[in-house]
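# Structural overview for review
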Amino acid sequence: MKKRIFVAGHEGMVGSAIVRKLRERENVEIITVSRDKLDLSNQSAVKNFFSNERIDIIYLAAAKVGGVYANNKYPAQFIYENLMIECNVIHQAHEFGVQHLLFLGSSCIYPRISPQPIGEDSLLQGGIEPTNEPYAIAKIAGIKLCESYARQYGRDYRSVMPSNLYGPNDNFHPQNSHVIPALIRRFHEAKLSKASQVVIWGTGTPRREFLYVDDMAEACIHIMDLDKCVYASHTHPQLSHINIGSGVDLTIRELAECIARIVGFHGRLVFDKRMPDGAPRKLLDVSLLTRLGWKSTVSLEDGLERTYKWFLDNCAMTCSH
């Protein structure tokens, strides 16, 4: 019998990548439902959904996400919507007997100042970066929900913490997007308008690690395929999440120069030091995942080229008007 897998958030960048990877398998039936038909922040709607579906496995990729600007401007929405989504899906999964679930977090859960690279045991060991604290608190709550249902009820609910993700189906909004889609759009529009310079937020000195979203999806499925005893032997009941990353970082300036080259913008890069930098560095320690048999395969340059091609095919005409 095929496993019925519910991918929550299948229309987003991460969820759609997980769906693409799962479709390569023959023994699964993928369950998806669009946001306009199921509001995951609505408790009764989620309960009704689970009562009408037989689900074996859940990938919880649904979330309200955004970059520094969006996190600063809409902190209440970020903490409320993410908490509600997590509570509703995880609790109803338990109520309706779903034994296997993967929760997708974010590397912003870690303290602003952490030993580098950041190991899983850095969680809750210091203050969180203020610009995305509400979102991070919600993601930490999601991890602890999974751990608590596993401890109390024996559920096999796992969590992964990815580094900064990018790729097809990303959000290229001029203000609410993350750094890579924001820069791709900005450089593309500057190239079209023959602008002499592009302004980039911050000093350009913070270091960031980036992971192509198809790599992320592959890692998620790899982790869900692990035997429960193997997963448990490498984690702890109250420290159960696993980092997913490339293991390589670079400065925002180096990232911007790489994107400008790929897009074909030859003007000047100007860094606006009045704008926030965020955490100085966020490189994940991915040695645990390496021991469990998975490494990323898509280089940053290759991933950026694929992402820009997707942008040209799907967003460039809209963004240029």
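Above this text sits the structure in question.
Residues numbered from 1 in each chain as written. Predicted model: local features only at pLDDT ≥ 70, side-chain atom pairs only at ≥ 80, totals over all residues. Heavy atoms only, no water.

With parallel pairing, six strands are arranged side by side in an open sheet as β2-β1-β3-β4-β5-β9. Edge positions in the sheet fall to β2 (28–31) and β9 (242–244), since each has one partner strand and no second. Averaged over all pairs of adjacent strands, the angle between their axes in this sheet comes to 20 degrees, without regard to strand direction. Across four bridges, the pairing between strand β1 (residues 3–8) and strand β3 (residues 57–60) is parallel. Counterpart to Ile-5 in the pairing with β3 is Ile-57. Sheet contacts for helix α1 (residues 13–22): β1, β2, β3 and β4 (100–104); angle to β1, the most-contacted strand, approximately 160 degrees. (Pairing = 2+ DSSP bridges. Helix = DSSP H or I, 4+ residues; strand = E, 2+ residues; numbered from the N terminus. Axes fitted to C-alpha atoms, helices over the stretch in contact; angles between N-to-C directions. Contact = heavy atoms within 4.5 Å.)

Evaluated as defined, the whole model comprises 16 salt bridges. For Lys-21, the salt bridge identified is with Glu-218, shortest N-O distance 3.8 Å. Of this pair, Lys-21 sits in helix α1 while Glu-218 sits in helix α7 (residues 213–225); the two residues are 197 residues apart in sequence, bridging distant segments of the chain. Linking Lys-144 and Glu-147 is a salt bridge whose minimum nitrogen-to-oxygen distance equals 2.9 Å. Taken as a pair, Lys-144 and Glu-147 lie in helix α5 (residues 133–153) at a separation of three residues, close to a single helical turn. Given the relative accessible area of 26%, Lys-144 is considered partly exposed. One network of salt bridges, with partners in common, ties together Arg-4, Glu-29 and Glu-53. (Salt bridge = Lys/Arg side-chain N within 4 Å of Asp/Glu carboxyl O. Buried < 20%, exposed > 50% of the residue type's maximum accessible area, 1.4 Å probe, protein only.)

The geometry of an aromatic ring pair comes down to the distance between the two centres and the angle between the two planes. Overall, the coordinates contain 11 aromatic pairs when judged by the stated rule. What links up through ring pairs into an aromatic cluster is the set Phe-6, Phe-49, Phe-50 and Phe-96. When the ring centre of Phe-78 is taken as origin, the NZ or CZ atom of Lys-64, which lies over that ring, is 5.2 Å away. Positioned above the aromatic ring of Tyr-231 is the side chain of Arg-158, whose terminal nitrogen or guanidinium carbon lies 4.5 Å from the ring centre. (Phe/Tyr/Trp six-rings, centres within 6.5 Å; stacked < 30°, edge-to-face > 60°. Lys NZ or Arg CZ within 6 Å of the ring centre and 35° of its normal.)

Positionally, Val-263 belongs in helix α9 (residues 252–263). Residues Val-263 and Leu-123, spaced 140 residues apart in sequence, show a C-alpha to C-alpha distance of 37 Å. Setting aside chain neighbours within four positions, we find Val-263 in contact with Ile-184, Phe-187, His-188, Lys-191 and Tyr-308.

This next bit is on the side chain of Thr-251. Structurally, Thr-251 can be placed in strand β10 (residues 249–251). Every residue in contact with Thr-251, bar those within four places of it in the chain, is listed here: Gly-204, Thr-205, Pro-206 and Arg-207.

Let us look at the nonpolar core. Among the nonpolar cores identified, the biggest contains 38 residues, and Phe-50, Ile-58 and Leu-60 are the most heavily contacted of them. Looking at this core, the elements that each hand over two or more residues are β1, α2 (43–52), β3, α4 (75–95), β4, α5 and β5 (156–162). Among the elements that make up this core, the one with the highest residue count is α5 (seven residues). With residues up to four places along the chain from it excluded, the contact list for Phe-50 reads Phe-6, Ile-55, Ile-58, Val-89, Gln-92, Ala-93, Phe-96 and Val-98. Ranked by size, the runner-up nonpolar core spans 33 residues in total, among them Val-14, Val-19, Leu-211 and Ala-219. (Core = buried A, V, L, I, M, F, W, Y, C linked by side-chain atoms within 4.5 Å.)

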